[in-house]
Amino acid sequence: MIRTSASIQPRTFPASISFVSFVVFILVACGARLHAADGKGKVDAPNGDAAAPTWVWWEAESPTKTNFNGKGFVASQWPATKEGLSGGDWMTTSTKQGDEPLFAAYDIETPVEATYTFFTRKFYSHGPFRWKFDEQEWTKCGRDISLLDTYELAKSVCANWVNLGTVKLAKGKHALRIELTDVEKGKESLACFDCFLLSAKPFAPSGKLKPGEKSGLHEEGWWAFEPEIDAFHKESPIDLRYLNEKNAGDAGWVKAKGLDFIDGKGKPIKFWGVGWSRTTARQSHAEIDWLAAKMAKSGVNLVRFHENIFDQKSNDPFAIDAAYLDQLHYCIAALKKQGIYVDISWYYVLGYNGNHAAHGLPGYDTLKGGDKGHPTFALMYFDPHMQDMWRAWAKAMMLSPNPYDGLPMAKDPAVMLCEVNNEDNLLFHTLNPDAIPKPYWDELEKKFGAWLAKKYGSLDKAFADFPGQHNGRDDAAKGVAEVMGAWNMSTDGATKYGPDKKKRMENQVQFLAETQRDWFTQARDYFKKDLGYPGLISASNWCTCDDRLYDSVERWTYQVGDVIDRHGYYGKGDMRVGGDFHMMSALLAPQHSSIPLVQEEGFPHIQTEINWIKPNPKTVEMAYLCSTYGALQGMDAWYYFCIGSSFWLAGTSSGPVMVPSVILQPAYALQFRRHDVQEAPTVVHQVLPLEGQFAMQGCTKFGENSDSAAQQKEGQAANGPLDPMTPFVGRITRTVAESAKIAKTDVPKSEDISTYIDRDKKTVTSITHECLLDWGNGVSTVNTPKSQGACGFLAKVGTYALGDVTITSRNEYGAVQVISLDDQPLKTSRRILIQAFTEEKAYGWKFELAKDDADPNRKEYKVTNQGTWPLNIRDIASTVTFKAPFKTATVLDENGDAVSKLPVAGLAIELPAHALFVVIER
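The present account deals with the structure reproduced in this document. (Residues numbered from 1 in each chain as written. Predicted model: local features only at pLDDT ≥ 70, side-chain atom pairs only at ≥ 80, totals over all residues. Heavy atoms only, no water.)

## Observations regarding the state of the cysteines
Just so we agree on the cut-off: Pairs of cysteine sulfur atoms within 2.5 Å are what we label disulfides. Only protein chains enter the accessibility calculation, which uses a 1.4 Å probe; a residue is then buried when its area is under 20% of its type maximum, exposed when over 50%, and partly exposed in between.
If you walk through the whole model with that rule in mind, you get zero disulfides. You can see cysteine 158 has no disulfide; the closest cysteine sulfur is in cysteine 192, sitting 10.0 Å from it. Here cysteine 158 falls in the buried class, since its relative accessible area comes to 11%. In this model cysteine 699 remains outside any disulfide bridge; the closest cysteine sulfur is found in cysteine 545, 12 Å from its own.

Structure (structure tokens):
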């Protein structure tokens, strides 16, 4: 059900969001309607109310004067872009800058005196420009402005709304002038503008729709997801803000204790997290305030910022990006007020790809493609200058006072965790001479020579231990031992090439692992001792060239920090026309997903990046599995990666978070954070000798970081065979021990694990008896006292009889979760939430079978129409039957506000087709 503006009730706002900032913010329609688009913007009041007009919209292609030439790449895409543009056209230019700046001028008329927020819809980041009204000061819009949405019009052509800032204007006529900037005379300039908007009330970008408009576009059997802006009613049943502290860190620093996190009061705490990007942080303060409140309401209590802190444009190698630091400071302060902790991922090697020479990093100009486009892979671990740069950036970031609350990050308990490095190590394929310049490869080989000489007594003795692998760059006199590229350490590259090469690679693996761990130790000490930071440190989160051999070694290097982190994505996909994807469900092959894992004994475990890759529509299972089986295994934090802007998405992001299947699943956030699912005991514990891990004896490894089921084997356990379904029985832990001599696998529980796994029926039951996974049918149920539900291909079984409810569904695929809202067992709870979801897709999205396979997870599909706004959700067709009677059933909208009552007759509720939430009261 979509409410009209007439049905909106008076609203209250979170304490951290002033009414003024909310009004300035851009996220809701305000109900006025525009009739003219002739370059002279004007409005009519809705329903003839002269006091109501609060916005002005005008078309960019109708200026009063311009020297744009209407040509260029974007114009050449016409008429493919026509349907997605306001007014069916936009103003474009692709021409050389002359004596006069490229400009456009407009005459507009404002209905009331107000402070307006000024927006434009334009082509991506092109056309840096400045603007002013009348004789006011110029305001610049740079290439790095935050894009509020993405609407792909044609291949490589998109239109994006941006917030240009605020301007105070009197009622009446005004002149706007826009001039392109940052273009030298004689150089080509490309810019495209679709439309402009001045709004004194909030506005939600929805493609070409004007404020107050809803498209209603949906396909048969689906409904249009076009929610009103969330105004945060205090009585919303799905508001989980109460789970957070008043201010993050009020109780003190979060600590690691054994396998768990504990809060400042010593109580175990779980984290339901999301990633924020630089795009998120660039938004206006009002937008950040709103998004922080929305995250808290959705159950989020941890946000990871993932962006480099250094200033790559500066010639100073020790400079940080002051603008981003300010944005980061504001975000921290805003999130803290919503009880949300922060994780800082601030060094991202893939983001460092230029200015090497100016930063004292020689040799990158000799790599393929010249100096640009080359990340500084691996340098952090062994090069002193790179390490000095890292320390300088860390110091400036951690010790600079936050201008919004006065606390530097090093003293702010809301800054719960800092990461040393993101997705870079010495054991991945990026360790090769094509990615690392010769000066640094020489440096690494000198270090390897010194390490071998120390281990063997001399380099000559070391080379004598593997005589058949005396390589071309080996030089005992100069102290050089050749480092071979990472492929040589893999199963194919090392273990199949004779004992001498294997012995050499064992030494190389040990050298690289010890070098990596040594740097993590230095980095940890720098944060904790030099910078005085008492918070948590995460070393890294990457995979290796052969995880079946080295996953345990990689995690061993992390153990000088406080936590163990991983990244994991499920599936593959390209949402654009012609793109291939798999229609994959982890419920049909759970061992290949990012959920099962082996935990390192004595450390909390987090996954700072996880997502199911779009356009695969089987995505609601991600939140279900994280909440249910993550809790069963004792996982401590999930971070859905990644939020761009504050707006609901429908388009081309391959890993969206601001979609209802991910962030609008409060029942799963509540179930996880409230510890509804009983944490399993350790059902398998492995002890692996460290020396044996260096010697490529291998380790148990399940399906994290898999790209597709086709790339994964059935599951390997190098030290005693484990059924691949074992993680769905209970927790698996391991210890990599220097003192251990023999690898062994213990089963601490007396029960036989195999009794929980039925290979004939293709089912696995948790040792706690609360979770059942039927991978034959692709469904799972959770059955705890406070939370019960089913997820997957529901119609295959049809009816799911749980402890206090029975769920019956005709949906081919979906999820229904029933959870108490008053922290009581469902049996006696007086307030219960029913949350239901099916599938989501962009309106008009189409695909066809490209490659058939008997395994549904291995079928390949090709996108034939990438679709457009709005997001469509498949109709819900499910019934929930209770064992105990209830009094009322209230339908909630997407924000959790009551919209209607369902008839109550008997114990069964037929869920509405177009609503995600129903609240039951007794």
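## Examining the environment of threonine 166
Quick note on the threshold: Runs of E in the DSSP output that reach at least two residues are strands. Runs of H or I that reach at least four are helices, and both are numbered from the N terminus.
Secondary-structure assignment places threonine 166 in strand β10 (residues 157-169). As a C-alpha pair, threonine 166 and lysine 529 span 363 residues in sequence and 44 Å in three-dimensional space.

## Quick look at the sheet that holds strand β42 (residues 878-882)
Let me state the cut-off plainly: In short, DSSP must find at least two bridges between two strands for them to pair. Axis lines are fitted through C-alpha atoms, for helices just across the contact stretch, and the angle between N-to-C directions can take any value from 0 to 180 degrees.
The sheet built from four strands is open, its strands ordered β34-β35-β42-β45 with antiparallel pairing. Whereas interior strands pair on both sides, the edge strands pair on one side only; in this sheet they are β34 (799-801) and β45 (908-910). Geometrically, the sheet is characterised by an average inter-axis angle of 15° between neighbouring strands, direction not taken into account. Taken together, the three bridges between β34 and strand β35 (residues 805-809) define a ladder with antiparallel strand orientation. Across the sheet, residue alanine 801 finds its bridge partner in β35, namely threonine 806.

## Observations concerning the packing of aromatic side chains
What counts here: In summary, the pairing rule links any two rings of Phe, Tyr or Trp, Trp by its six-membered ring, whose centres are within 6.5 Å, and it sorts them by plane angle into stacked for under 30 degrees, edge-to-face for over 60 and tilted for everything else. The criterion is that NZ of a Lys, or CZ of an Arg, lies within 6 Å of the ring centre and within 35 degrees of the ring normal, and then a charge sits over that ring.
Applying the stated criterion across every chain, the model contains 52 aromatic pairs. Ring geometry for phenylalanine 527 versus tyrosine 533: centroids 6.0 Å apart, planes at 65°, classification edge-to-face. The class for phenylalanine 527 is buried, based on a relative accessible area of 0%. Connected via pairs of aromatic rings, a cluster forms that spans Trp58, Phe68, Tyr106, Phe118, Phe129, Trp131, Phe133, Phe193 and Phe196. Just above the ring of tryptophan 556 sits the side chain of arginine 517; from NZ or CZ to the centre is 4.4 Å.

## Things to note about the sheet that holds strand β41 (residues 868-874)
With antiparallel pairing, the three strands of this open sheet are ordered in space as β13-β41-β38. Of all the strands in the sheet, the pair left with one neighbour each is β13 (222-225) and β38 (840-843). On average, each strand axis in the sheet is inclined to that of its neighbour by 40°, with strand direction left out of account. Here β13 pairs with β41 via four bridges, running antiparallel.

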